[in-house]
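Reading the structure
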Amino acid sequence: MLAYQSLGVVYGDLSTSPLYVYKSTFADDIEHSESNDEIYGVLSFVFWTLTLVPLLKYVLIVLRADDNGEGGTFALYSLLVRHARVGFIPNGQVADEELLAYNKKDDHLGLLNGDPSAPTGGAMTAPWMRRLLEKHQISQRMLLVLALLGTCMVIGDGVLTPAISVFSAVSGLELSMSKEHHKYVEVPVACLILVCLFALQQYGTHRLGFLFAPIVVIWLMCISVIGAYNIFYWNPHVYQALSPYYMYKFLKKTRRGGWMSLGGVLLCITGSEAMYADLGHFSQSSIKIAFTFVVYPSLLLAYMGQAAYISQHHVIQNNYRIGFYVSVPEFSLVREIKMACSGNSYTCCCGGKPISYNWYFLNYQTVHCLGLFSKGEDSAYFIQNRWSGLAVIIVMLVTTCLMSLVIVLCWHKNIFLAICFVVFFGTIEVLFFSASLIKFLEGAWVPIALSFVLMTVMCIWHYGTRKKYEFDVQNKVPINWLLSLGPALGFVRVRGIGLIHTELISGIPAIFSHFVTNLPAFHQVLVFLCIKSVPVPHVLPEERFLVGRVGPKEYRSYRVIVRYGYHDIHKDELEFEKDLVSSIAEFIQSAGHEQNGYVEATENGDEKMMVVSAGFRFHEERAVEPVEAPGPSNSKAMHSSPIPPKKRVRFVLPRSPKLEKSTREELQDLMEAREAGMAFILGHSYMRAKSGSSLIKRLVINFGYEFLRRNCRGPMYAVSIPHASTLEVGMIYNV
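Residues numbered from 1 in each chain as written. Predicted model: local features only at pLDDT ≥ 70, side-chain atom pairs only at ≥ 80, totals over all residues. Heavy atoms only, no water.

On a plain count of helices and strands, the protein chain comes out with 24 helices and 10 strands. Taken over 735 residues, the protein chain has a buried fraction of 54%. Of all intrachain contacts in the protein chain linking residues separated by at least 6 positions in sequence, the fraction that spans at least 24 positions is 83%. Entry remark: accessible area of the protein chain is about 32900 Å², with carbon and sulfur atoms responsible for 61%. (Helix = DSSP H or I, 4+ residues; strand = E, 2+ residues; numbered from the N terminus. Buried < 20%, exposed > 50% of the residue type's maximum accessible area, 1.4 Å probe, protein only. Contact = heavy atoms within 4.5 Å. Areas by Shrake-Rupley, 256 points an atom, 1.4 Å probe, with all protein chains shown as cover.)

Below you can see the structure in the form of structure tokens.
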């Protein structure tokens, strides 16, 4: 069932590639000879490219490198972060390494060994490489930049590919109407399909898979049947082109023109990265089954059938060039609609909402259809050949580089295996990269420029966030300051829970001392809340909360660290508040007995944290409080309307004879504080570069980061905080 659904989500781009591969490859006016060496050479390139890259590289090797079921560029980076400690997560903890998802054994590459679970290679697993990455920050920065580059290229290509593929799919209308009418119909139809596709994105992968899977299946069946028909009817000997000898003859005969045409051959594997990027929606086996037994043979039959038809119809290029639909018997039009792109694949690295990104892509692609493609049919293939290919091959090169490190550092394989992997696949991809790079000034710079804009935004946000955290660490108040205030903390304690949001995992944030200095009163229960991301896709609910005390029990002061994976969805306000209070209650109940759940949480060991679940639940009692009615009125014309009774929720501790007196008192205080309500203390920061900083740093911090902070992304809170319960403490950060 998952393999069937994946056909409608993962393989839309790959399945529609026969629409434009031959047309783009022969766009450089390569002349055809009677021997058909040019056509056979292109078919040979297409066959071996499909076999070596999607089938061998992705299906047999890369799909094994899943991060707890997730795939994509950041999944590879996440694996390297955990195994080589090369991450730039500033508030990382030893406790994070105890997560079940963190320590899950990776599926090793079982190509050389009978036992894939056993580390191999001995000293050849290159421990020097791990030490190099862990010791030198320049290596870590290069790795992060590489991961960001691959992710941004996926987005840059994703902006263009859906519009081009949909436009190519409806280009068959040219065969059923005159050229004068065709140009007024093709663009509006493509725009309408794009609007419908992106409007359906919000309904999720599951529903989209069932909706588009039958369309893609019918499409693959049709191109398979058409391909088989063309092979047997026009040229049964076209199978000879599968020999790699024809690639050599093609390059020898066409020389520079043949090398430049490889940019069109590259388009036959656009969408291969989606097999790995969308791994989290399906499974390894489902994606492998769908490609190996359905997509791969269907595409081979389609490409061979097209080559067989074109080999007997050289003159066709004068009228319609070399398109797909001209090879369809009786010119019957197969109406194919593909799923444009999966927004869910890109949200984890950018922090945006999937639908917003979808509407951004939609607007961008509609502009392409209205502005660029309205120039004519050839414009679509020009853009596909020169714009999209370069971004696609850069993503594949990034995957090859990161994958070679995963083979050594995560799978513990022989370093020569990683070298063979990067040399073999890297050589193929560099060949296509060089052919695509020649088109840079002809339009390939567009997705590259867009990708670098996105990458610049990500780097600015990462740099500013890191500098902000370093400032917080340098200006945090030590625990001894809080302890010196005594149980009353030196100011009035009012009813309720005071929740202070901070990025720190230890110490007292400066905003708290700044707040109490100006307003010497605070709530009876004090909670320092840190919400952070960890380098795993998902964190189990029972491992999400780390809870500990800040000071003695009498202070009623706690630290709660809430951990989310990069694919976790943050809970809504009410559910999160319940889990937060329940986790503190669970900690209070379990804190009397030091168990194995304790882990050190700070550099100097002044706090201890416990991994707790939100299993402790207060019993709720809903009481109705009577409201006194107003006194009688002497006026007969006025009638007082009845006042509804006031409802009040009380929380009652569960009856348990095992609770000690001090523990019950602490739980009672927590219960009363929860009844009184919760207030949120937030820091409102203003970032400024220090005097004497370089011009680049001033531009990045004062303008770039501040603009992004104010306009593009809010704080990473797990709840939608009500304004009536919020206090903001302003601070200036001189970094």
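For soluble globular proteins, the rule of thumb is that nonpolar side chains tend to be buried together. Counting residues in each nonpolar core, the largest one holds 113 residues, and the members touching the most others are Tyr11 and Met403. In terms of residues, this core owes the most to one element, helix α17 (residues 377-409), which gives 15 residues. Among the nonpolar cores identified, the runner-up in size contains 28 residues, and Ile497, Val527, Val560 and Leu682 belong to it. (Core = buried A, V, L, I, M, F, W, Y, C linked by side-chain atoms within 4.5 Å.)

Looking now at the side chain of Gln306. Tracing the sequence through the fold places Gln306 in helix α13 (residues 284-311). According to the relative accessible area criterion, Gln306 is buried, its value standing at 2%.

Next up on the list: the packing of helix α1 (residues 2-9) against α13. Where α1 meets α13, the axes come as close as 8 Å, and the angle between the chain directions of the two elements is 70°. What the angle tells us is that α1 and α13 run roughly perpendicular. Taking contact as the criterion, the partners of Leu2, Ala3, Ser6 and Leu7 in α1 are, on α13, Ser286, Ile289, Ala290, Val294 and Val295. Residues of the contact of α1 with α13, tallied by class, amount to 7 nonpolar, 2 polar and no charged. (Axes fitted to C-alpha atoms, helices over the stretch in contact; angles between N-to-C directions. Parallel < 35°, antiparallel > 145°, perpendicular 65-115°, else oblique. Nonpolar A, V, L, I, M, F, W, Y, C, P; charged D, E, K, R; others polar.)

So, on to the pattern of salt bridges. When the charged atoms of two side chains lie near each other, side chains of opposite charge can form a pair. The final tally for this structure, using the stated rule, is 13 salt bridges. Across the pair Arg82 and Asp67 runs a salt bridge, and its minimum N-O distance is 2.8 Å. Of this pair, Arg82 sits in helix α5 (residues 73-84) while Asp67 is found in the loop between α4 (37-59) and α5, placing the two residues 15 residues apart along the sequence. What makes Arg82 buried here is its relative accessible area of 7%. Classification of Asp67 as buried rests on a relative accessible area of 0%. Connected through shared salt-bridge partners, Asp37, Glu38, Lys249 and Lys253 make up one network. (Salt bridge = Lys/Arg side-chain N within 4 Å of Asp/Glu carboxyl O.)

Next up on the list: helix α21 (residues 510-518). Of the residues making up α21, those classed as buried are Ala510, Ile511, Phe512, Ser513, Phe515 and Val516. Of the surrounding elements, those touching the buried residues of α21 are α20 (479-483), β1 (492-501), β2 (521-533), β9 (678-688) and β10 (726-734).

This paragraph deals with the pairing of β2. For β2, the buried fraction is high: 11 of the 13 residues fall into the buried class. Pairing of β1 with β2, which is carried by 8 bridges, proceeds in the parallel orientation. If you follow Ile497 over to β2, its bridge partner there is Val525. Pairing of β2 with strand β4 (residues 557-564), which is carried by 8 bridges, proceeds in the parallel orientation. For Leu529, the partnering residue across the bridge sits in β4 and is Val560. (Pairing = 2+ DSSP bridges.)

Throughout the structure, instances matching the rule amount to 18 aromatic pairs. Where Phe421 meets Phe425, the ring centres are 5.0 Å apart and the plane angle is 55°; that geometry is what we call tilted. Linking Phe421 with Phe425, this pair stays in helix α18 (residues 415-437), spanning 4 residues, or about one helical turn. Residue class for Phe421 comes out buried when judged on its relative accessible area of 5%. (Phe/Tyr/Trp six-rings, centres within 6.5 Å; stacked < 30°, edge-to-face > 60°.)

Phi at His412 is positive, roughly 60°, even though this residue is not glycine. Inspection of the secondary structure assignment puts His412 in the loop between α17 and α18. Note on His412: relative accessible area 25%, which makes it partly exposed. The phi dihedral of Arg556 falls on the positive side, at around 50°, and the residue is not glycine. By the element assignment, Arg556 lies in the loop between β3 (545-549) and β4.

We now examine the pairing of β1. Across 4 bridges, β1 lies against β9 in parallel orientation. Within β9, the position partnered with Leu499 by the bridge is Phe680.

Within the fold, Leu667 resides in helix α23 (residues 661-676). In this structure the C-alpha to C-alpha distance between Leu667 and Gln589, which are 78 residues apart in sequence, comes to 8.1 Å.

A few words now on the state of the cysteines. Summed over all chains, the structure comprises 0 disulfides. We note that Cys459 lacks a disulfide partner, and the nearest cysteine sulfur, in Cys152, lies 7.5 Å from it. (Disulfide = S-S within 2.5 Å.)

Per-residue pLDDT for the protein chain averages 75, and the proportion of residues at 70 or more is 72%. Here residues 330-356 is modelled with pLDDT under 50, and outside its nearest four sequence neighbours on either side it reaches 69 contacts, counting other chains as well. (pLDDT = per-residue confidence, 0-100.)

Summarising the element assignment, Leu7 is placed in helix α1. When the C-alpha positions of Leu7 and Phe212 are compared, they lie 7.8 Å apart, and in sequence the two are 205 residues distant. Here Leu7 is in contact with Gly12, Val216, Val217, Leu220, Ala290, Val294 and Val295, once residues within four sequence places are set aside.

This part is about the side chain of Lys697. Its location among the elements puts Lys697 in helix α24 (residues 695-711). Although Lys697 is buried, it makes no salt bridge; Glu470 carries the closest opposite charge, 7.7 Å away. With residues up to four places along the chain from it excluded, the contact list for Lys697 reads Tyr463, Ala689, Asn702 and Val735. (Lys, Arg positive; Asp, Glu negative; His and termini not counted.)

Before going further, it helps to examine the environment of Phe291. For Phe291, the position within the fold is in helix α13. With a relative accessible area of 0%, Phe291 lands in the buried category. For the pair Phe291 and Leu14, spaced 277 residues apart in sequence, the C-alpha separation works out to 9.8 Å.

Across the interface, helix α11 (residues 256-265) lies against α18 with an axial gap of 8 Å and an inter-helix angle of 105°. Here α11 is positioned roughly perpendicular relative to α18, judged by the angle of their axes. For the pair formed by α11 and α18, the contact residues are Trp259, Met260, Leu262, Gly263 and Val265 on the first element and Leu431, Phe432, Ser434, Ala435 and Ser436 on the second. For the contact of α11 with α18, the class distribution of residues is 7 nonpolar, 3 polar and no charged.

Here the focus is a nonpolar patch on the surface. Among the surface-exposed residues, Met1, Tyr4 and Phe210 lie close enough to one another that they form a single nonpolar patch of about 320 Å² accessible area. Its place among the elements puts Met1 in the segment before α1. Judged by relative accessible area, Met1 falls into the exposed class, the value being 65%. (Patch = residues over 30% accessible without salt bridge, like charges linked within 9 Å, V, L, I, M, F, W, Y side chains within 5 Å.)

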